Each structure stands twice: as C-alpha cells, then as structure tokens.
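Report on the structure
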Amino acid sequence: MSKLRERLKNIKLVRKLVYVVVGLASYPGLNIINKLKISGTEHLKNLPRQNVLFVSNHQTYFADVITFLHIFCAVKWGKQNRLGIPYYFLNPFTRVNYVAAEQTMNGSWISKLFTLAGALTVRRTWNHESGEKQRGLDPSDTRKITRALEENWVITFPQGTTKPFAPGRKGTALIIKQSKPIVIPVVINGFWRAFNKKGLKFRKTGVKLSVRFKAPLEIDYDARTEDILAQIMDAIEQSKEHMMKGAHHSMGKEIPVKEV
C-alpha cells in the first residue's frame, strides 16, 4: 500500500485533487474561525522552482504544512501576504514536498491521504523504549530529500518535534551542505494555541495565527555542520538566545480566545 501511495503522489492530477480537498476543508479554520497573518511573501516571488529549502519551527503535525501550501498557492495567483478567497485551488502550486515522520503519516487515513500532497517520509533513527539517542537522518532518507530538492521546493522542520526550543538536528545542515539550496527561514506562531497537537482539531477559536517568511539566508556552505545548524536555529527563532527572550510566547500581543 505504501508503494502505491508513493506512485500516486507523483501523479500531478492526484496531488491537485488532494490539495483541493485538504485546502477547502482547512480554509475556515485558518482564515475564518481563526485569523491568519502572513508577512514576507515578497521573498517568495522570484524564487526558482527547485532547490529551495524552507526551514521552520514546528507547532502541530499537519496545520503548519497545510498553511504553507495555502500560502504558496495564493502567491502563485499573485496574492501578497494574504489568502483571500481560495480560488487559487483551481490551479494550485504543487511543486512542493515536505518532510514528515513515517510513523506520523501512517497513523490514520487522514494522514495517509495527506501523504499524497507530497510527503517525504523519514524514519526515526532512535528507539524510544531503549532511550537510544538520535543519530540523524537515515542515509536513504537524506537521498530522498536531496532528490526532491532537485525538482521542487522542500519544507522541513529542523527540530523534528512540536516542542518549542528543542535542539535542531544535524541532518538538515548536512543536506544544506550537500545540495546548497536557497534557504528561507519561517517563523510561525499561534498554531499550538488554536489546534491540538495533530493540528486537526480546535483547542480554541479566535486565535491570531502568524506565518513570517524571512529573506534567504547567506550561508557559507563550507562552514561546519554545527555552525550552519546554529545559524538556522537562530533564524527560525528557536535558539537558546531566543528562548531566553521568551520569543515563543511574545510574537505579538495576545488576543482574547474562546474555548471550543
């Protein structure tokens, strides 16, 4: 069944249909029930169609990525820093892949469906029961991501967890050194407050969601892996310095929210 999903997600029409279904189902929660504030889309307009890596902090399993797909489609239709009416799904921008844990994407029929939107499933390389520490991406998963960059944009979450200020994983920096992509940092907030961990159910309504795209990073691809990773973590505001500033909870004024 997993091999069938791999073949289906590479069919453009299938991916477009998934975008329409997932996009229309998620739009009210992003832009009506809650309010989405977007900034920095001017940094997306002149990007090439391949070898662009978006690195972001992570707050829910699915709502974060779904929001990115909305924004990319809206930008394709000439919108700047807003979604507006989602007619952009008439011809969505589908040259996007996103990195996700294999266990997560196999968890339910909804996640399996969303895999067809371009998931690059990666295996966890540590054992929760034994407490074995992570060692980074499996080599086959690294090749999967580098191949995707040759043709598309790729979204990745260096922390690999929704826990704020968790340390980044070196695998992201290794891929950057190898593929030398344009790297766009993204900072998101509010999703952890509005949605449950999976991002499929509401926790609160009337929440201000924010997605901020920053200018491409100036990266020394010959620098040490540790230095590149530190640059990324600072850019997505998940470094120790930002933790001390309380950036995770101070990205804008709080607004009243209503329990669902």
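Every residue gets a number counted from 1 within its own chain, in the order that chain's sequence is written. Restriction of local features to residues with pLDDT of at least 70 applies here, the model being predicted, together with a cutoff of 80 or more for giving and counting side-chain atom pairs; totals for whole chains, interfaces and linings are based on all residues. Hydrogen atoms and water are omitted, and side-chain values are computed over all heavy atoms in the structure.

1. So, unusual backbone geometry
Going by this rule: The helix count covers DSSP runs of H or I at least four residues long, the strand count covers runs of E at least two residues long, and both are numbered beginning at the N terminus. Using a 1.4 Å probe on the protein chains alone, a residue whose accessible area is under 20% of its type maximum counts as buried, one over 50% counts as exposed, and one in between counts as partly exposed.
One non-glycine residue, Asn 81, adopts positive backbone phi at about 60 degrees. Tracing the chain through its elements places Asn 81 in the loop between helix H3 (63–76) and strand S3 (96–101). The class for Asn 81 is partly exposed, based on a relative accessible area of 27%.

2. Section: the nonpolar core
In plain terms, the rule: Think of a nonpolar core as a cluster: buried Ala, Val, Leu, Ile, Met, Phe, Trp, Tyr and Cys residues, connected wherever their side-chain atoms sit within 4.5 Å. Any two residues whose heavy atoms approach within 4.5 Å at even a single point are treated as in contact.
Among the nonpolar cores identified, the biggest contains 48 residues, and Phe 54, Phe 72, Tyr 98, Phe 114, Phe 191, Val 211 and Phe 213 are the most heavily contacted of them. When near neighbours in sequence (up to four residues on either side) are disregarded, Phe 54 contacts Leu 44, Leu 47, Phe 72, Trp 153, Val 154, Ile 155, Thr 156, Ile 184, Val 186 and Phe 213. Counting 20 residues, the second-largest nonpolar core is a separate cluster that includes Leu 149, Ile 176, Leu 229 and Ile 232.

3. A short note on H3
Note: α-helices contain 3.6 residues per turn, so residues at a spacing of three or four share the same orientation. Rule in force here: For a helix, the expected span equals 1.5 Å multiplied by the residue count minus one.
Relative to the 20 Å expected for 14 residues at 1.5 Å per residue, H3 spans 20 Å between its end C-alpha atoms, a close match to the ideal helical length. The buried count for H3 comes to 13 of 14 residues, which makes it a mostly enclosed element. Following H3 by one or two positions, Gly 78 has its phi on the positive side, about 90 degrees.

4. What about the confidence of the model for the protein chain?
Selection rule: Confidence of the predictor in every single residue is expressed as pLDDT, which spans 0 to 100.
When the pLDDT values of the protein chain are averaged, the result is 88; 88% of them are 70 or greater. Across residues 247–260 the pLDDT falls below 50, and counting only partners more than four positions away or on other chains, this stretch makes 36 contacts in the model.

5. Concerning the packing of helix H7 (residues 170–179) against helix H9 (residues 225–235)
The condition is simple: In this analysis, axes come from line fits to C-alpha atoms, helices being fitted only over the stretch in contact, and the angle between any two N-to-C directions falls in the range 0 to 180 degrees. Any angle from 65 to 115 degrees is called roughly perpendicular, while one under 35 is roughly parallel, one over 145 is roughly antiparallel, and all others are oblique. Under the grouping applied here, Gly and all other residues not named as nonpolar or charged are polar, the nonpolar ones being Ala, Val, Leu, Ile, Met, Phe, Trp, Tyr, Cys and Pro and the charged ones Asp, Glu, Lys and Arg.
Put simply, H7 and H9 touch, their axes get as near as 9 Å, and they point 105 degrees apart. One element, H7, and the other, H9, form an angle in the roughly perpendicular class. Two secondary-structure elements touch here, H7 through Lys 170, Thr 172, Ala 173, Leu 174, Ile 176 and Lys 177 and H9 through Thr 225, Glu 226, Ile 228, Leu 229 and Ile 232. In terms of residue class, the contact of H7 with H9 is built from six nonpolar, two polar and three charged.

6. As for the packing of helix H6 (residues 139–149) against H7
The packing of two helices is summarised by the inter-axis angle and the distance between the axes. To be explicit about the condition: Crossing chirality is assigned from the near helix's rotation relative to the far helix, an anticlockwise turn below a right angle marking it left-handed and a clockwise turn marking it right-handed.
At a minimum axis distance of 10 Å, the contact between H6 and H7 shows a crossing angle of 45 degrees. In terms of their interaxial angle, H6 and H7 are classed as oblique. For the pair H6 and H7, the crossing hand works out as right-handed. Of the residues in H7, those touching H6 at Thr 142, Ile 145, Thr 146 and Leu 149 are Ile 175, Gln 178 and Ser 179.

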